[in-house]
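What the coordinates show
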Amino acid sequence: QSALTQPPSASGSPGQSVTISCTGTISDVGGYNYVSWYQQHPGKAPKLMIYEVSERPSGVPDRFSGSKSGNTASLTVSGLQAGDEAHYYCSSYAGSNNVVFGGGTKLTVL
Amino acid sequence: QLQLQESGPGLVKPWETLSLTCTVSGGSISSSSYYWGWIRQPPGKGLEWIGIIYYSGRFYCNPSLKSRVTMSVDTSKNQFSLMLTSVTAADTAVYYCARRSATSPNKIDYWGQGTLVTVSS
């Protein structure tokens, strides 16, 4: 199983919106509605932000939203805040109880 | 509040076996609603899925690691463990234990703080 493809970096100014893409194949992203997104600050464990493509766990602001089209999933962060600066990783179920992660995107708030 | 805590040696010699344990508090590892898993992250790199185990002891691994990975669970201690054999420098990483929903197979909602394991002689 190959890693999902994410852009290495993304950026936006406070208050703006930014979208991060995550491209896989029919065997993972395209084949299941089980895409998740994680936020990771330096030295910290990842935090679940989105699951099942567009569901938000309790406590995650609605500024974070997810979507999917074909083999590509996307995470949109609206109303950017300084605290949103972090690495973001997508992941997808790939069948047989396996999961594949993306390479990560560093989000910079300008 | 559920908490997971990894423990084990921080340094392992090449070709030896890496062994880690995750202790779960604030919840039961015997719950039928969850699997318990391992994810690793080499320094400065992305996340890699290792595998998951159910309280029954059945486990599933990343195909690329399958030949070297064993997982086990000790319900009496509320712990689960990872063994990775024949390690090399490429296995140097922060190892996280985590909880995954049994009904949503990519919902990993609780993570341990992670433990760095270095493979070096």
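Residues numbered from 1 in each chain as written. Chains lettered and ligands numbered in written order. Predicted model: local features only at pLDDT ≥ 70, side-chain atom pairs only at ≥ 80, totals over all residues. Heavy atoms only, no water.

A word on the overall build of chain B
This is how the line gets drawn: Secondary structure elements are taken from DSSP: a helix is a run of H or I of four residues or more, a strand is a run of E of two residues or more, and numbering for both begins at the N terminus. Both definitions apply: the radius of gyration is a C-alpha atom measure, and the globule rule equals 2.2 Å times residues to the power 0.38. Throughout, a residue-residue contact means that at least one pair of heavy atoms, one from each residue, lies within 4.5 Å.
In terms of regular secondary structure, chain B is built from 0 helices and 11 strands. Moving toward the C terminus, one meets the helices and strands of chain B in the order β-β-β-β-β-β-β-β-β-β-β. For 121 residues, the compact-globule formula gives about 14 Å, and the C-alpha radius of gyration of chain B, at 13 Å, lands near that figure. A principal-axis box enclosing the C-alpha atoms of chain B has dimensions of 40 × 25 × 25 Å. Taking contacts inside chain B between residues at least 6 apart in sequence as the whole, the part at least 24 apart equals 54%.

Overview of the sheet that holds strand E3 (residues 18-25) of chain B
Residues and elements named next belong to chain B. Quick reminder of the rule: Here, strands pair whenever DSSP counts at least two bridges between them. Only C-alpha atoms enter the line fits that serve as axes; for helices the fit covers just the stretch in contact. Angles between N-to-C directions range over 0 to 180 degrees.
Sheet architecture is open: 4 strands sit in the order E1-E3-E8-E7, paired in antiparallel fashion. Because the sheet does not close on itself, it has two edges, and the strands there are strand E1 (3-7) and strand E7 (69-74). Strand-to-strand twist of the sheet, defined as the mean angle between neighbouring strand axes without regard to direction, takes the value 20°. Note: E1 against E3, 5 bridges, orientation antiparallel. Residue pairing in the sheet places Gln5 in a bridge with Thr23 of E3.

Focus on the pairing of strand E5 (residues 48-53) of chain B
Residues and elements named next belong to chain B. What counts here: Only protein chains enter the accessibility calculation, which uses a 1.4 Å probe; a residue is then buried when its area is under 20% of its type maximum, exposed when over 50%, and partly exposed in between.
Taking burial as the measure, the 6 residues of E5 include 5 buried ones, the bulk of the element. Taking the residues between adjacent antiparallel strands as the criterion, strand E4 (residues 34-41) and E5 are bridged by 6 residues, where Gly44 takes a positive phi near 75°. The pairing of E5 with strand E6 (residues 59-61) spans 3 bridges and is classified as antiparallel. Bridging from a neighbouring strand, Ile53 pairs with Phe59 of E6. Linking E5 back to E6 in an antiparallel pair, the connection comprises 5 residues, with Gly57 at a positive phi of about 105°.

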